[in-house]
Amino acid sequence: MPRARVNGVDLSYELTGDGDPLVLVHGSWGDHFNWVPVLPALAERYRVLVYDRRGHSRSERPPGQGSRTEDEDDLAALVEGLGLAPAHVAGNFFGASTVLGLAARRPELFRSVIAHEPPLMGVVAPDAAGDLEQVMRDAQEKIDSVLAHLRAGETFEGAYQFVEEVALGPGTWERFPEEVRATFLTNAPTFLDEQDDPGWSSLALDRLSGYRGPALLTMGTVSPPWFPVIIARLAGVLPQAEVRTLVGAGHIPHVTHPAEYVRNLTGFIDAHT
């Protein structure tokens, strides 16, 4: 894979296909390989950029505390440096948070935004009450337990708990191919770094409301129960937000339900082109 020097780090990336530019931003623990199940179909219609975010797999892992803002700046630099702006940009989990964060700051870089289950708990937690408050508290406690494992050097235990209890559900770890488990373990330190950023779960909703382009917010029916609450809050401030629920899918629909993910993404882009 070629590498680009942006914001002081080397990022590995790949460009494939022809057509309007489409950028795919992976989530925590993973890398650009997460998009392999959908890449061939998307590359038939778009000029697709995939890359490893800083600290992940083939990209450089700089020392010191990082921030989501750095990921946002990396995304902006790649889009501009590779001549893709304005682009359709899709993200998953922390990658979705990165996409939305950049859209709030640099809306001119986007033709459309597609975000699946961003973990922006901070946009909900201040208003949580009753059952919702308990749901959010339970989610944070599980994440805190994962972080405690990672800080103690218990990388396997932290990765296993994240997969089984936070994001994907019981039995998922055993179903993962060996190379996927290895990627989780390799990128575990970057998840810890992401979570140590005080702003990882928050977003300035007043600034996000300034993004007036098309936005697709998606969630799965078998995903953790706190994501619909976040999606609803974000949809309330995005002027052109469309919300779709992927039936039977969970937190990584581009991996588990690639055909449905491609159908929703391309249909949305077509409707707004």
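Check the entry above for the structure.
S.K.: Got a minute to help me understand the pairing of strand β1 (residues 3-6) in this structure?
M.R.: Every regular strand shows the same layout, with side chains that alternate between the two sheet faces. Burial along β1 is one-sided: the residues Ala4 and Val6 are buried and none of Arg3 and Arg5 is. Where β1 lies against strand β2 (residues 9-16), 4 bridges are found, and the strand directions are antiparallel. Within β2, the position partnered with Val6 by the bridge is Val9. Turn length for the β1-β2 hairpin, with the two strands adjacent in sequence and antiparallel, is 2 residues, and the turn residue Asn7 shows positive phi of about 50°.

S.K.: When you look at empty space enclosed by the protein in this model, what are you seeing that I'm missing?
M.R.: The gaps left among the atoms become clear once a water-sized probe is rolled over them. In the structure shown here, the tally under the stated rule is 1 cavity of 30 Å³ or more. In terms of lining, the largest cavity is formed by Ile114, Leu216, Thr218, Leu246, Tyr261, Asn264 and Leu265. Of all the secondary structure elements, the ones that give two or more residues to the lining of the largest cavity are β7 (215-220) and α11 (258-271). The element contributing the most residues to the lining of the largest cavity is α11, with 3 residues. Its residues assigned to classes, the lining of the largest cavity shows 5 nonpolar, 2 polar and no charged.

S.K.: What should I look at first to understand the sheet that holds strand β5 (residues 87-92) in this one?
M.R.: Neighbouring strands of a sheet are bound in pairs by backbone hydrogen bonds; such pairs are parallel or else antiparallel. Taken together, the 8 strands give an open sheet; going across it, the order is β1-β2-β4-β3-β5-β6-β7-β8, and neighbouring strands pair in mixed fashion. Unpaired on one side and paired on the other, β1 and β8 (241-246) mark the two borders of the sheet. The sheet shows a mean angle of 25° between the axes of neighbouring strands, direction not considered. Strand direction decides the pairing type here: strand β3 (residues 20-25) and β5, joined by 4 bridges, are parallel. The partner of Leu24 across the bridge, within β5, is Ala90.

Procedures and definitions
Residues numbered from 1 in each chain as written. Predicted model: local features only at pLDDT ≥ 70, side-chain atom pairs only at ≥ 80, totals over all residues. Heavy atoms only, no water. Buried < 20%, exposed > 50% of the residue type's maximum accessible area, 1.4 Å probe, protein only. Helix = DSSP H or I, 4+ residues; strand = E, 2+ residues; numbered from the N terminus. Pairing = 2+ DSSP bridges. 1 Å grid on protein atoms, 1.4 Å probe; cavity = no way out; pocket = protein on both sides within 12 Å on 5 of 7 lines; lining within 4 Å. Points joined across faces, edges and corners; volume = space filled by probe spheres on them. Nonpolar A, V, L, I, M, F, W, Y, C, P; charged D, E, K, R; others polar. Axes fitted to C-alpha atoms, helices over the stretch in contact; angles between N-to-C directions.

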